Amino acid sequence: MSELSVEHLLGIKYLKSSDIDIIFKTADHFKEVINRPIKKVPSLRDITIANLFFENSTRTKLSFELAEKRLSADVINFSASQSSVKKGETLIDTVNNILAMKVDIVVMRHASVGSGVFLSRHVDAKIINAGDGTHEHPTQALLDSYSIREKLGNVKGKKIVIIGDILHSRVALSNIFALQLQGAKVKVCGPTTLIPKYISSLGVEVENNLKKALEWCDVANVLRVQHERMDIKYFPSTREYTQLFGINQEILDNLGKKIVIMHPGPINRGVEITSDVADSNDSIILNQVENGVAVRMAVIYLLAQQVKR
Ligand code: CP
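Throughout this description, residue numbers start from 1 for each chain and increase along the sequence as written. The predicted origin of the model limits local features to residues at a pLDDT of at least 70 and limits the giving and counting of side-chain atom pairs to 80 or more, whereas totals for whole chains, interfaces and linings rest on all residues. Just so you know, side-chain values use all the structure's heavy atoms and leave hydrogens and water out.

## Some points on the nonpolar core
We count it as follows: What we call a nonpolar core is a set of buried Ala, Val, Leu, Ile, Met, Phe, Trp, Tyr and Cys residues that are connected through their side-chain atoms within 4.5 Å. Partly exposed residues are those whose accessible area sits between 20% and 50% of the maximum for their type, while under 20% is buried and over 50% is exposed, using a 1.4 Å probe and protein chains only. Each helix is a run of H or I in the DSSP string that is no shorter than four residues. Each strand is a run of E no shorter than two, and both are numbered from the N terminus. What marks off one domain from the next here is an automatic or database domain assignment. Residue contacts follow a heavy-atom distance rule, with two residues in contact if any of their heavy atoms lie within 4.5 Å.
Core analysis: the largest hydrophobic core is formed by 43 residues, its most contacted members being Ile23, Phe30, Leu44, Leu71, Ile128, Leu142 and Ile300. Elements with a contribution of two residues or more to this core: α1 (17-34), β1 (48-53), α2 (59-70), β3 (105-110), β4 (126-132), α5 (138-152) and α11 (285-304). Among the elements that make up this core, the one with the highest residue count is α11 (11 residues). Structurally, this core is a two-domain feature, drawing no fewer than three residues from each of domain 1 (12-136 + 289-308) and domain 2 (138-285). Filtering out sequence-adjacent residues up to four positions away, Ile128 remains in contact with Leu9, Phe64, Ile105, Val106, Val107, Met108, Thr139, Val299, Ile300 and Leu303. Core analysis: the second largest hydrophobic core is formed by 26 residues, Ala213, Leu214, Val222 and Ile285 among them.

This is the structure in structure tokens:
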């Protein structure tokens with residue numbers, strides 16, 4: 001297998017399209033592995049990985065931990081709410097103390113934009129960004145593209161609309177970079193207040209009309225409204241948001257064509273998507289979760305090849 005062009009996975013914006021090809025080819029192999037009766041390989045028996053989560057997570061944290069265990073790495077888990085961060089310890093001190101225990105790879109989720117880049121400049125370990133504030137969530141974007149590739153055969157030339165709270169979404173930004181790198185066309189759809197002003201500079205079109213956005217696309221990636229990152233009101237009410245931007249079966253039935261429905265989770269059922277759509281045959285939401293393990297195994301495996309042993 002070939003080598004990645006990067007030393008860390010800090011964001012999709014640092015990757016080349018050839019990196020994505022290498023990650024997907026490696027993930028294809030690991031997807032086959034995790035569907036075997038014995039789902040584990042001994043590849044990383046000499047590697048220790050620390051999962052540092054300074055923000056809440058269900059899918060990403062469990063998916064990384066499972067990926068690491070499937071590769072036979074030693075794993076330690078850190079959650080900020082139960083740590084000495086509460087006693088005033090800095091990020092660098094926290095991480096250097098963990099690295100003193102001979103850790104090779106750090107997977108980190110943190111509320112601060114650029115925290116992964118900062119860490120990569122100050123500590124001697126491979127860094128994987130598991131979400132830095134409203135900035136990037138590279139493994140989510142990789143597993144999303146991998147899932148589109150699996151469902152539609154290719155990402156190149158496909159039309160993807162990302163719907164919802166684009167302003168506060170690291171998933172949106174990483175998806176835009178990943179999809180464009182692979183030759184997809186990307187639009188965003190949502191309330192004007194939740195679309196960042198810089199979006200057109202990324203070559204992304206804005207469509208505020210949900211029906212038109214869905215008529216245009218092959219794939220709709222639906223995002224949650226991130227109330228926890230909002231200190232002001234961005235739209236009058238949740239009821240109005242759902243009426244204008246919520247995906248329901250009636251809207252999809254009236255399109256006259258099938259589209260693929262995605263969501264990175266966590267879902268707010270009945271707000272941005274109804275339960276019947278989330279659980280329908282057009283939805284690949286749980287395929288995204290399954291593919292997340294294979295894609296994260298690939299990223300960890302490829303970065304671990306660069307660790308001096
Ligand atoms: N998709 C995602 O990042 O989910 P979690 O916040 O549960 O990890």
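Don't stop here, the text continues.
## Here we look at the domain arrangement of the chain
Condition: Accessible area, probed at 1.4 Å, shrinks when two parts are joined; the buried area is that loss added up over both.
As assigned here, the chain comprises domain 1 (12-136 + 289-308) and domain 2 (138-285). Taking only C-alpha atoms into account, the centre of domain 1 sits 26 Å from that of domain 2. Taken together, the 30 residues of domain 1 in the interface contact 26 residues of domain 2. Summed over both partners, the interface of domain 1 with domain 2 buries about 2400 Å², with 62% contributed by carbon and sulfur atoms.

## Some thoughts on the sheet that holds strand β6 (residues 185-189)
Test applied: Here, any two strands with at least 2 DSSP bridges between them count as paired.
The strand order across the open sheet built from five strands is β7-β6-β5-β8-β9, with neighbouring strands paired in parallel fashion. A strand with exactly one partner marks an edge of an open sheet, and here the two such strands are β7 (205-206) and β9 (260-262). Here strand β8 (residues 219-222) runs beside β9; their pairing, made up of three bridges, is parallel. Bridge pairing links Val219 to Val260 in β9.

## Examining the site of the ligand
Applied cut-off: A single heavy atom is enough: if one lies within 4 Å of a molecule or strand, its residue is considered near that molecule or strand. Polar contact criterion, stated in full: a pair of N or O atoms within 3.5 Å, where within protein one must be able to donate a hydrogen and the other to accept it, and residues adjacent in sequence count only if both atoms are side-chain atoms. Only the protein chains shown count as covering a residue, and every accessible area follows the Shrake-Rupley method with a 1.4 Å probe. Just so you know the grouping, Ala, Val, Leu, Ile, Met, Phe, Trp, Tyr, Cys and Pro go in nonpolar, Asp, Glu, Lys and Arg go in charged, and all remaining residues, Gly too, go in polar.
The local shell around the ligand consists of Ser57, Thr58, Arg59, Thr60, Arg109, His137, Gln140, Pro264 and Gly265. One of the backbone N or O atoms of Thr58 is found 2.8 Å from an oxygen atom in the ligand. Measuring from a nitrogen atom of the ligand, one finds a side-chain N or O atom of Gln140 at 3.1 Å. In the complex, the protein chains occlude 91% of the 250 Å² of accessible area that the ligand would expose alone. Broken down by class, the residue content of the shell around the ligand amounts to one nonpolar, six polar and two charged. When residues are assigned to domains, the shell around the ligand turns out to be shared by domain 1 (12-136 + 289-308) and domain 2 (138-285), each giving three or more.

## As for the packing of aromatic side chains
Under the convention used in this document: The criterion for an aromatic pair is that two Phe, Tyr or Trp rings (for Trp, the six-membered ring) have centres within 6.5 Å, with stacked assigned to planes under 30 degrees apart, edge-to-face to planes over 60 apart and tilted to the rest.
Per the counting criterion, the structure on display carries five aromatic pairs. Ring plane angle 75° and centroid distance 5.3 Å describe the contact between Phe24 and Tyr146, whose orientation is recorded as edge-to-face. In this pair, Phe24 is assigned in helix α1 and Tyr146 in helix α5, connecting sequence segments 122 residues apart. There is no split in this pair, since Phe24 and Tyr146 are both buried. Ring centres of Tyr241 and Phe245 lie 5.7 Å apart, and the angle between their planes is 40°; this geometry places the pair in the tilted category. In this pair, Tyr241 and Phe245 are both assigned in helix α8 (residues 238-245), four residues apart and thus about one turn of the helix distant.

## What about the packing of α5 against α11?
The condition is simple: Note on method: axes are straight lines fitted to C-alpha atoms, helices fitted across the in-contact stretch only, with angles between N-to-C directions ranging 0 to 180 degrees. Definitions for this section: a left-handed crossing has its near helix turned counterclockwise from the far helix by less than a right angle. A right-handed crossing has that turn clockwise.
Close contact between α5 and α11 brings their axes to 8 Å; oriented N to C, the two are set at 115°. Taken as a pair, α5 and α11 cross one another with a handedness that is right-handed. Of the residues in α11, those in contact with Thr139, Gln140, Leu142, Leu143, Asp144, Tyr146, Ser147 and Glu150 of α5 are Asn287, Gln288, Asn291, Gly292, Val295, Arg296 and Val299. Grouping the constituent residues of the contact of α5 with α11 by class yields five nonpolar, seven polar and three charged.

## Focus on the environment of Ile148
Within the fold, Ile148 resides in helix α5. Considering only alpha carbons, one finds Ile148 and Asn129, 19 residues apart in sequence, at a separation of 22 Å. Once residues within four sequence positions are removed from consideration, Ile148 is found in contact with Gly153, Asn154, Val155, Ile160, Leu179, Val219 and Met262.

## So, the side chain of Glu136
Defined as follows: When charges are tallied, Lys and Arg are placed among the positive residues and Asp and Glu among the negative ones, while His and the ends of the chain are skipped. Any Lys or Arg side-chain nitrogen located within 4 Å of an Asp or Glu carboxyl oxygen qualifies as a salt bridge.
Inspection of the secondary structure assignment puts Glu136 in the loop between β4 and α5. Here Glu136 is buried and forms no salt bridge, its nearest opposite-charge partner Lys13 lying at an N-O distance of 4.7 Å. At 3.2 Å, the side chain of Glu136 forms a polar contact with the backbone nitrogen of Lys13. Here Glu136 is in contact with Leu10, Gly11, Ile12, Lys13, Asn129, Gly131, Arg170, Ser174 and Phe177, once residues within four sequence places are set aside.

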